[in-house]
Amino acid sequence: MSSRLWMGVPVAVMAVAPVFAVVGAAPAQASPHGPGVAYNYSCTGQDYAGAQLPTVTVSARQGVRAAKGQAQTSWRGVAKFSTIECTAL
């Protein structure tokens, strides 16, 4: 292939890219569900000695595992991660 043809490819891609960006953009809608929405979780757990920790309410955007991490942080790391149970409110 000619080197002139290869030089024109990046120019053609840059010229067409804004068209695809406009066509592919969907209108923003407020939705109660999705990855950017924070959910509230009620979490219980035990410390390493087996004592029950007080229930905490945390808010997490990335699901139950993120809520468990937030709860462990709320208990300042004294909770055994495998014992933490979180349920959506």
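Look up: the structure comes first, before these words.
The structure contained in this document is the topic of the report that follows.

Rules of the game
- Residues numbered from 1 in each chain as written.
- Predicted model: local features only at pLDDT ≥ 70, side-chain atom pairs only at ≥ 80, totals over all residues.
- Heavy atoms only, no water.
- Core = buried A, V, L, I, M, F, W, Y, C linked by side-chain atoms within 4.5 Å.
- Buried < 20%, exposed > 50% of the residue type's maximum accessible area, 1.4 Å probe, protein only.
- Helix = DSSP H or I, 4+ residues; strand = E, 2+ residues; numbered from the N terminus.
- Contact = heavy atoms within 4.5 Å.
- Disulfide = S-S within 2.5 Å.
- Pairing = 2+ DSSP bridges.
- Axes fitted to C-alpha atoms, helices over the stretch in contact; angles between N-to-C directions.
- Lys, Arg positive; Asp, Glu negative; His and termini not counted.
- Salt bridge = Lys/Arg side-chain N within 4 Å of Asp/Glu carboxyl O.

Our focus in this paragraph is the nonpolar core. If you look at the biggest cluster of nonpolar residues, it comprises 12 residues: Tyr41, Cys43, Leu53, Val56, Val58, Ala60, Ala67, Ala71, Trp75, Ala79, Ile84 and Cys86. Counting residues per element, the ones that place at least two in this core are β1 (39–44), β2 (56–60) and α2 (64–74). Tallying contributions element by element places β2 first for this core, with 3 residues. The residues touching Cys86, leaving out its near neighbours within four places in the chain, are Tyr41, Ser42, Cys43, Val64, Ala67 and Lys68.

This next bit is on the state of the cysteines. Under the counting rule described, the total for this entry stands at 1 disulfide. Between the sulfur of Cys43 and that of Cys86 lies a disulfide, 2.1 Å long from S to S. Judged by the sign of its S-S torsion, about 115°, the bond between Cys43 and Cys86 is right-handed. Taken together, the residues span a long stretch of sequence, with Cys43 in strand β1 and Cys86 in strand β3 (residues 85–88) at a distance of 43 residues. Judged by relative accessible area, Cys43 falls into the buried class, the value being 0%.

Turning to the sheet that holds β3, a few remarks are in order. Pairing within the open sheet is antiparallel, and its 3 strands lie in the order β2-β1-β3. Each edge of the open sheet carries a strand with a single partner, namely β2 and β3. Strand-to-strand twist of the sheet, defined as the mean angle between neighbouring strand axes without regard to direction, takes the value 35°. Of the strands in this sheet, β1, β2 and β3 touch α2, which is tilted by about 130° from β2.

What follows covers the side chain of Lys68. Assignment of secondary structure puts Lys68 in helix α2. For the buried Lys68, no salt bridge exists, and the shortest N-O distance to an oppositely charged side chain is 5.0 Å, to Glu85.

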